[in-house]
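Now for the letters of each chain:
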Amino acid sequence: MTEIKLFEQSSLMFQKLIDGLAFPKNPDTVVFDASFSDFIVPEYLFNYYGYRKIFTISDRNYSDNESILSVPFRGDFLKTIMGHKVDLFISIGSYFGISPVFDAVHAINRVLVAGGKFVITLYPDIFDEQGRDILNGLSLISEIPVKEKFLRWGTTFKNALKNIFMKVDEEDVLTKMEVSHIIYLFNMDTYRRFLFQDEDERERFFKPISHLNIDYNISWKVVKGFKC
């Protein structure tokens, strides 16, 4: 079992996110998944919604499920998704591979059919039981601007979507996550490369909470919309 599947087995992060989101219930919906989840997200979508055709970006691996179609990542998001036509584009739990932002949003628009929808989780806000913003606090203590990067990237991405799509909505999906799982999430390749210069910086950022054995409240920022 791969490391990310072991992570999902213990955290259920992707399952909790999918449980908090609404997707079309028509099994004929054609899906393009850019969650970089080693087939975890498409397997949930197949099991919960019965979609018969789910394209998913992978690292040259293949699913045993005939409804899940591997799209090898070609080192470039635009080249990877070009040529597909789908009803639903999703990126759950990890969207930093969707770049460069403005070109990527145009590409998402091209792959969606008229009336097609997108659902993209941007980043997790993290709060303790008193409502304190943990990411902001860790950013201030470490002087590593993780929260600022999230806010800046999220705003850029939302603005790019709003420039192309007529209707873009925002919502939060609330879950809980253990500290150890949060640290693992931020060590996933798409997060680590975006947020930290090296392993020492990542460890320094999480040092104030790395010894804790508690759950934090997670508020995932989500954008949704459709192509007219």
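See above for the structure.
Residues numbered from 1 in each chain as written. Predicted model: local features only at pLDDT ≥ 70, side-chain atom pairs only at ≥ 80, totals over all residues. Heavy atoms only, no water.

J.: Please explain the pattern of salt bridges as it appears in this structure.
T.: Note that side chains of opposite charge can pair when their charged atoms are close. Enumeration over the complete set of coordinates arrives at 16 salt bridges. Between Asp128 and Arg132 there is a salt bridge, and its shortest N-O distance comes to 2.6 Å. The exposure class assigned to Asp128 is buried, which follows from its relative accessible area of 9%. What makes Arg132 exposed here is its relative accessible area of 51%. Close ionic contact of Asp172 with Lys221 constitutes a salt bridge, the shortest N to O distance being 3.2 Å. (Salt bridge = Lys/Arg side-chain N within 4 Å of Asp/Glu carboxyl O. Buried < 20%, exposed > 50% of the residue type's maximum accessible area, 1.4 Å probe, protein only.)

J.: Looking at this structure, I do not really get the sheet that holds strand 4 (residues 86-91). What am I missing?
T.: Within a sheet, neighbouring strands are paired by backbone hydrogen bonds and run either parallel or antiparallel to one another. As summarised here, the arrangement of the seven strands in space is 3-2-1-4-5-7-6, forming an open sheet in which the pairing is mixed. Every other strand in the sheet has two partners, leaving strand 3 (68-72) and strand 6 (167-178) as the edge strands with one partner each. Taken over all neighbouring pairs, the strand axes of this sheet differ in orientation by 20° on average, direction set aside. For strand 6 and strand 7 (residues 215-226), the ladder comprises 12 bridges, and the chain directions are antiparallel. Looking at strand 7, one finds that Thr175 is bridged to Ile218. The strands touched by helix 3 (residues 40-49) within the sheet are strand 1 (30-33), strand 2 (53-58), strand 3 and strand 4, with strand 2 carrying the most contacts at an inclination of about 170°. (Pairing = 2+ DSSP bridges. Helix = DSSP H or I, 4+ residues; strand = E, 2+ residues; numbered from the N terminus. Axes fitted to C-alpha atoms, helices over the stretch in contact; angles between N-to-C directions. Contact = heavy atoms within 4.5 Å.)

J.: Please clarify how the packing of helix 5 (residues 101-111) against helix 7 (residues 146-164) should be interpreted in this entry.
T.: For any two helices packed against each other, one specifies the crossing angle of their axes together with the interaxial distance. Two elements in contact, helix 5 and helix 7, have axes whose closest approach is 9 Å; the angle formed by their N-to-C orientations is 40°. Viewed along their axes, helix 5 and helix 7 adopt a mutual orientation that is oblique. In this structure, the crossing between helix 5 and helix 7 has a hand that is right-handed. Along its contact with helix 5, which presents Val101, Phe102, Val105, His106 and Asn109, the element helix 7 presents Trp153, Thr156, Phe157, Ala160, Leu161, Asn163 and Ile164. (Parallel < 35°, antiparallel > 145°, perpendicular 65-115°, else oblique. Left-handed = near helix turned anticlockwise from the far one by under 90°.)

J.: Is there a simple way to explain the environment of Ser99 in this structure?
T.: Mapped onto the fold, Ser99 is located in the loop between strand 4 and helix 5. On a C-alpha basis, the gap between Ser99 and Ser37 in space is 17 Å, while along the polypeptide they are 62 residues apart. Those residues in contact with Ser99 that lie beyond four places of it in its chain are Phe77, Ala104 and Trp153.

J.: Hey, could you run me through the packing of helix 6 (residues 134-142) against helix 7 in this one?
T.: The interhelical angle for the contact between helix 6 and helix 7, taken along N-to-C directions, is 125°, at an axis separation of 7 Å. One way to sum up the angle between helix 6 and helix 7 is to call them oblique. Every residue of helix 7 that contacts helix 6 at Leu135, Asn136 and Ser139 is listed here: Val146, Lys147 and Phe150. Split into classes, the residues belonging to the contact of helix 6 with helix 7 amount to three nonpolar, two polar and one charged. (Nonpolar A, V, L, I, M, F, W, Y, C, P; charged D, E, K, R; others polar.)

J.: What is the right way to read the side chain of Lys147 from this model?
T.: Relative to the elements of secondary structure, Lys147 occurs in helix 7. One polar contact links Lys147 to Asp125, side chain to side chain, over a distance of 3.1 Å. Only 2.4 Å separates the side chain of Lys147 from the side chain of Asp133, close enough to count as a polar contact. If we skip the residues at most four places from it in the chain, Lys147 touches Asp125, Asp133, Leu135, Asn136 and Ser139. (Polar contact = N/O pair within 3.5 Å; in protein donor to acceptor, adjacent residues only side chain to side chain.)

J.: I would appreciate a short explanation of the pairing of strand 2 in the present structure.
T.: On any regular strand, side chains alternate: one points to one face of the sheet, the next to the other face. With five of six residues buried, strand 2 lies mostly within the body of the structure. Here strand 1 pairs with strand 2 via four bridges, running parallel. Across the sheet, residue Asp33 finds its bridge partner in strand 2, namely Thr56. Once the chain exits strand 1 it traverses helix 3 before rejoining the sheet at strand 2, and the crossover so formed is right-handed. For strand 2 and strand 3, the ladder comprises five bridges, and the chain directions are parallel. (Right-handed = clockwise from strand over helix to strand, strands pointing away.)

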